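Coordinate inspection notes
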Amino acid sequence: MSESHVWDEVDAYFTAHLAPDDEALAAALRDSDAAGLPHINVAGNQGKLLQLLAQIQGARHILEIGTLGGYSTIWLGRALPADGRLVSLEYDPKHAEVAVRNIARAGLDKLVEVRVGPALESLPKLADENPPPFDLVFIDADKANNPHYVEWALKLTSTGSLIVLDNVVRGGRVTDAASTAPDVTGTRAAIELIGSHPRLSGTAIQTVGMKGYDGFALARVLA
Ligand code: SAH
Ligand code: DHB
Ligand code: MG
């Protein structure tokens, strides 16, 4: 049992008033837990942030890398218009199977497609299909590949698109230039790519809440 913190209470308060799970979201978490999936989905208030960002973007096409049980997928999918589309990439067939059921129960199966396999194999296949540019890309998979995911996001987006990168703090280890841990080197490479790329304007924000000490980066695609 982990220690309880004041920010857990604050997150519970914010989430209860601003981003409560409805039946489909609660069921998605219940079934994910029952299937033994790890509890690493975004928090409710973070899911709501993703949904608001997608709405602010006027997103019609969303790409997610890292589906897990589809909890963030449902928040994002609900931002789409009736003719919108969300493609979510997931390595683990068991996660994808749970997600597909959760997404269908949320009534989003017409809009959302889960593709199983390593994202670095799914992304070139997706690009070969010449899809319309994605308005929002949520990167939330294996952190070692973060720079590759940012590069692919650039290929699959256009001016004004938004890239969201989850979990960029790594418990503070993101500052450790000497680290050889793949999650740290991958996240550092992604942050530095966003900072130096002529077609990206980004920032990163530290957070605290029910997921502990964490953070995310946002990057807007320029012309
Ligand atoms: N976005 C989800 C959480 C994703 S957890 C939510 O907030 O609800 C990260 C997911 O990325 C896991 O399901 C894991 O299996 C998947 N993943 C890990 N490596 C991957 C890879 N190489 N390609 C695609 N998915 C990967
Ligand atoms: C982990 C992955 C995530 O995407 C997250 O939000 C939290 C934790 C993990 O792999 O531990
Ligand atoms: Mg995450």
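Owing to the predicted nature of the structure, the values given are computational and were not obtained by experimental measurement. (Residues numbered from 1 in each chain as written. Chains lettered and ligands numbered in written order. Predicted model: local features only at pLDDT ≥ 70, side-chain atom pairs only at ≥ 80, totals over all residues. Heavy atoms only, no water.)

**Things to note about the overall build of the protein**
Across its full length, the protein holds eight helices and seven strands. Here the C-alpha atoms of the protein give a radius of gyration of 17 Å, agreeing with the 17 Å that 2.2 N^0.38 yields for 223 residues. Oriented by its inertia axes, the alpha-carbon framework of the protein measures out at about 40 × 40 × 30 Å. Within the span of the protein, comprising 223 residues, buried residues form 47% of the whole. Here the contacts in the protein between residues at least 6 apart in sequence split such that 72% fall between residues at least 24 apart. Counting 19 positive and 28 negative side-chain charges, the protein places the averaged centre of each group 5 Å from the other. (Helix = DSSP H or I, 4+ residues; strand = E, 2+ residues; numbered from the N terminus. Rg over C-alpha atoms; globule rule 2.2 N^0.38 Å. Buried < 20%, exposed > 50% of the residue type's maximum accessible area, 1.4 Å probe, protein only. Contact = heavy atoms within 4.5 Å. Lys, Arg positive; Asp, Glu negative; His and termini not counted. Charge placed at Lys NZ, Arg CZ, Asp CG, Glu CD.)

**A few points about the site of ligand 2**
In the vicinity of ligand 2, the residues found are I40, D140, K143, D166, N167 and K211. A distance of 2.6 Å separates an oxygen atom of ligand 2 from a polar side-chain atom of D140. In isolation ligand 2 exposes 290 Å². Once the protein is present, 64% of that is buried. In this structure the site holding ligand 2 corresponds to the largest pocket. Residues that form the shell around ligand 2 fall into these classes: one nonpolar, one polar and four charged. (Near = heavy atom within 4 Å. Polar contact = N/O pair within 3.5 Å; in protein donor to acceptor, adjacent residues only side chain to side chain. Areas by Shrake-Rupley, 256 points an atom, 1.4 Å probe, with all protein chains shown as cover. 1 Å grid on protein atoms, 1.4 Å probe; cavity = no way out; pocket = protein on both sides within 12 Å on 5 of 7 lines; lining within 4 Å. Sits in = over half its atoms within 2 Å of the grid points. Nonpolar A, V, L, I, M, F, W, Y, C, P; charged D, E, K, R; others polar.)

**Description of the site of ligand 1**
Not every one of the 22 residues close to ligand 1 is listed here, only the nearest: V42, G66, E90, H95 and D140. Within the backbone of V42, one N or O atom sits 2.8 Å away from an oxygen atom of ligand 1. One nitrogen or oxygen atom from the side chain of S72 is found 2.8 Å from a nitrogen atom belonging to ligand 1. Burial of ligand 1 by the protein amounts to 90% of the accessible area it has alone, namely 580 Å². Elements with a contribution of two residues or more to the shell around ligand 1: α4 (71-77) and β2 (85-90). Its residues placed into classes, the shell around ligand 1 shows 11 nonpolar, six polar and five charged.

**Here we look at helix α5 (residues 93-105)**
Taking 1.5 Å of rise per residue, the 13 residues of α5 would be expected to cover 18 Å, and the 18 Å separating its terminal C-alpha atoms lies within 8% of that figure. Listing the buried residues of α5 in full gives H95, A96, V98, A99, N102 and I103. Along the axis of α5, the buried residues cluster in a sector spanning 165 degrees; they form a single face. In this structure, α5 carries P93 and E97 as exposed residues pointing more than 90 degrees from its buried face. Capping of α5 at its N-terminal end is provided by D92; its side-chain oxygen lies 2.8 Å from the backbone amide nitrogen of K94. Where α5 terminates, the next one or two residues include G107, which has phi positive at roughly 75 degrees. (Expected span 1.5 Å × (residues − 1). Arc of directions from axis to C-beta.)

**A closer look at helix α3 (residues 44-57)**
If you check α3, its first and last C-alpha atoms are 20 Å apart, about what 14 residues at 1.5 Å a residue would give, namely 20 Å. For α3, the complete set of buried residues consists of G44, G47, L50, Q51, L53 and A54. Packed against the buried residues of α3 are α1 (6-18), β1 (61-65), α4, β4 (134-139), β5 (157-166) and β7 (212-221).

**As for the packing of aromatic side chains**
As enumerated under the stated definition, the model contains two aromatic pairs in all. A centroid spacing of 5.9 Å and a plane angle of 50 degrees characterise the contact between Y13 and F14, whose relative ring orientation is tilted. When the ring of Y71 is compared with that of W75, the centres are 6.5 Å apart and the planes differ by 80 degrees; the resulting orientation is edge-to-face. Of this pair, Y71 and W75 both sit in helix α4, four residues apart, which is roughly one turn of that helix. (Phe/Tyr/Trp six-rings, centres within 6.5 Å; stacked < 30°, edge-to-face > 60°.)

**A look at the layout of surface pockets**
In this structure, the largest pocket encloses a volume near 510 Å³. Mapped by element, the contributors of at least two residues to the lining of the largest pocket are α4, β2 and α6 (119-128). Of the residues that constitute the lining of the largest pocket, the class distribution is 13 nonpolar, nine polar and seven charged. (Points joined across faces, edges and corners; volume = space filled by probe spheres on them.)

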